[in-house]
Amino acid sequence: MKRILLIEDEPGLVLTLSDRLKSEGFETDTASDGVAGLTKATASSYDAIILDVMLPQKNGFDVCRDLRTAGNTTPILMLTARGQITDKVVGLKLGADDYLTKPFDMSELLARVEALLRRAPNSKTPSGEGFTFGNVEVNFRKAEIKKDGQLIELSAQEYRLLKYMIENRGATLTRNELLEHVWSYDENITTRTVDVHIAWLRQKLEPNSKHPQYFVTIHRLGYKFTG
């Protein structure tokens with residue numbers, strides 16, 4: 001399921017857009033000001049961001065600029081009540097991928113979001129041969145993991161679990177989903193096995209396994225990788 005972050009401060013529009021996006025099969029998260037939106041956009045992984053220009057605390061231009069400066073390449077569709085061509089130019093120069101002026105037709109917004117998703121790289125595929133989070137480096141080609149430059153030994157199952165969580169970073173993964181995709185639902189495997197393997201990954205890769213930063217428990221649902 002594709003994940004959309006909606007950064008918008010008009011409650012009515014937030015409700016309308018969220019309901020429509022969810023009805024179209026998107027998992028939708030929201031933020032009502034620029035600071036909260038920037039925090040969510042950098043703390044988790046999204047497939048697209050719908051970003052209003054006129055926001056409290058931090059405007060959409062600044063949010064867009066800060067995301068791009070930090071290396072975040074998530075497609076951004078900017079929304080504004082303004083019609084001036086200069087605002088469109090500014091937004092695109094700061095790194096926005098598309099621009100829509102309010103009021104807009106909902107079907108047009110959905111078409112533009114879907115077009116951005118088609119053009120974006122497949123978020124399920126790790127970029128290049130490796131992935132880095134914190135002080136951990138993962139080399140997918142060699143199936144090699146280093147922490148602080150030192151090789152870390154993982155079992156084959158731990159590596160498969162790590163790789164699947166990286167490929168789905170930012171998404172909440174249920175224990176049953178992990179069993180299906182990592183263990184192929186072996187009848188002798190229980191959800192407790194998932195918990196044990198997550199605990200092993202935390203011990204080997206987290207800065208502090210008792211207070212995990214990357215392999216996060218989502219209460220009553222499962223786990224999320226936030227690297």
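Because the structure is predicted, anything quoted here is derived from the model rather than measured.

Asker: Sorry if this is basic, but what is going on with the sheet that holds strand β9 (residues 150–152) here?
Answerer: In a beta sheet, neighbouring strands are held together by backbone hydrogen bonds and run either parallel or antiparallel to one another. Taking strand neighbours across the sheet as the criterion, the four strands line up as β6-β7-β8-β9 in an open arrangement whose pairing is antiparallel. In the strand order of this sheet, the two ends are held by β6 (130–133) and β9, each with one partner. For this sheet, the mean angle separating the axes of adjacent strands, direction not counted, is 25°. As defined by bridge partners, β6 adjoins strand β7 (residues 136–139) across four bridges and the pair is classed as antiparallel.

Asker: It is not clear to me how the packing of helix α6 (residues 156–167) against helix α7 (residues 175–183) should be interpreted in this structure. Could you clarify?
Answerer: Geometrically, a packed helix pair is captured by the angle between its two axes and the distance between the axes. The contact between α6 and α7 brings their axes to 10 Å, and the two run at 120°. When the interaxial angle is binned, α6 and α7 end up oblique. Classified by chirality, the crossing of α7 by α6 is right-handed. Residue-level inspection shows Gln157, Arg160, Leu161, Tyr164 and Met165 of α6 in contact with α7, the latter providing Glu177, Leu178, His181, Val182 and Trp183. Of the residues belonging to the contact of α6 with α7, the class tally is six nonpolar, two polar and two charged.

Asker: So what exactly am I meant to see when it comes to the pairing of strand β3 (residues 48–52) here?
Answerer: In regular strands, side chains alternate between the two faces of the sheet. Among the five residues of β3, five are classified as buried, and the element is accordingly described as predominantly covered. Burial along β3 is two-sided: the face carrying Ala48, Ile50 and Asp52 and the face carrying Ile49 and Leu51 are both buried. As defined by bridge partners, strand β1 (residues 3–7) adjoins β3 across four bridges and the pair is classed as parallel. The partner of Leu6 across the bridge, within β3, is Ile50. Where β3 meets strand β4 (residues 76–80), four bridges bridge the pair, whose relative direction is parallel. Bridge pairing in β4 places Ile50 opposite Leu77.

Asker: Before we go on, may I ask you to explain the environment of Gly37 in this structure?
Answerer: Following the sequence through the fold, Gly37 ends up in helix α2 (residues 34–43). Distance from Gly37 to Leu5, taken between C-alpha atoms, is 8.1 Å for residues 32 residues apart in sequence.

Asker: What's the story with the pairing of β7 in this structure? I'm lost.
Answerer: Burial along β7 is one-sided: the face carrying Val136 and Val138 is buried and the face carrying Glu137 and Asn139 is not. As consecutive antiparallel partners, β6 and β7 are separated by two residues, and within that stretch Gly134 has a phi angle of approximately 55°, a positive value. With antiparallel pairing between neighbouring strands as the criterion, β7 and strand β8 (residues 144–147) make up a hairpin whose turn holds four residues, including Ala143 at a positive phi of roughly 50°.

Asker: Sorry if this is basic, but what is going on with helix α8 (residues 191–205) here?
Answerer: Residue pairs spaced three or four apart in an α-helix point in one direction, given the helix's 3.6 residues per turn. Spanning 15 residues, α8 covers 21 Å between terminal C-alpha atoms, matching the ideal 21 Å at 1.5 Å per step. For α8, the complete set of buried residues consists of Thr193, Val194, Asp195, His197, Ile198, Leu201, Arg202 and Leu205.

Asker: Please explain the packing of helix α1 (residues 11–23) against helix α5 (residues 106–119) as it appears in this structure.
Answerer: Close contact between α1 and α5 brings their axes to 11 Å; oriented N to C, the two are set at 55°. In terms of orientation, α1 lies oblique with respect to α5. Relative to α5, α1 is oriented so that their crossing is right-handed. Of the residues in α5, those touching α1 at Thr16, Leu17, Arg20 and Leu21 are Met106, Leu109 and Leu110. Across the contact of α1 with α5, the residue classes break down as five nonpolar, one polar and one charged.

The rules behind these values
- Numbering of residues starts from 1 in each chain and follows the order in which that chain's sequence is written.
- Predicted model: local features are reported for residues with pLDDT of at least 70 only, side-chain atom pairs are reported and counted for 80 or more only, and whole-chain, interface and lining totals are derived from all residues.
- Hydrogens and water are ignored here; the side-chain numbers use all heavy atoms of the structure.
- Being paired, for any two strands, means DSSP has found at least two bridges between them.
- For helices the rule is a DSSP run of H or I covering at least 4 residues; for strands it is a run of E covering at least 2, with both sets numbered from the N terminus onward.
- Here an axis means a line fitted to C-alpha atoms, over the contact stretch when the element is a helix, while the angle between two N-to-C directions is reported on a 0 to 180 degree scale.
- Each angle is binned into one of four classes, with values under 35 degrees roughly parallel, values over 145 roughly antiparallel, values of 65 to 115 roughly perpendicular, and all other values oblique.
- It is the rotation of the near helix from the far one that decides the hand of a crossing: anticlockwise by less than a right angle makes it left-handed, clockwise makes it right-handed.
- Working rule for contacts: check all heavy atoms of both residues, and any pair within 4.5 Å makes them a contact.
- Following the grouping adopted for this structure description, the nonpolar residues are Ala, Val, Leu, Ile, Met, Phe, Trp, Tyr, Cys and Pro, the charged ones are Asp, Glu, Lys and Arg, and the polar ones are all others, Gly among them.
- Accessible area is worked out with a 1.4 Å probe on protein chains only. A residue is then buried under 20% of its type maximum, exposed over 50%, and partly exposed in between.
- Here, expected helix span is obtained from the residue count minus one, scaled by 1.5 Å.

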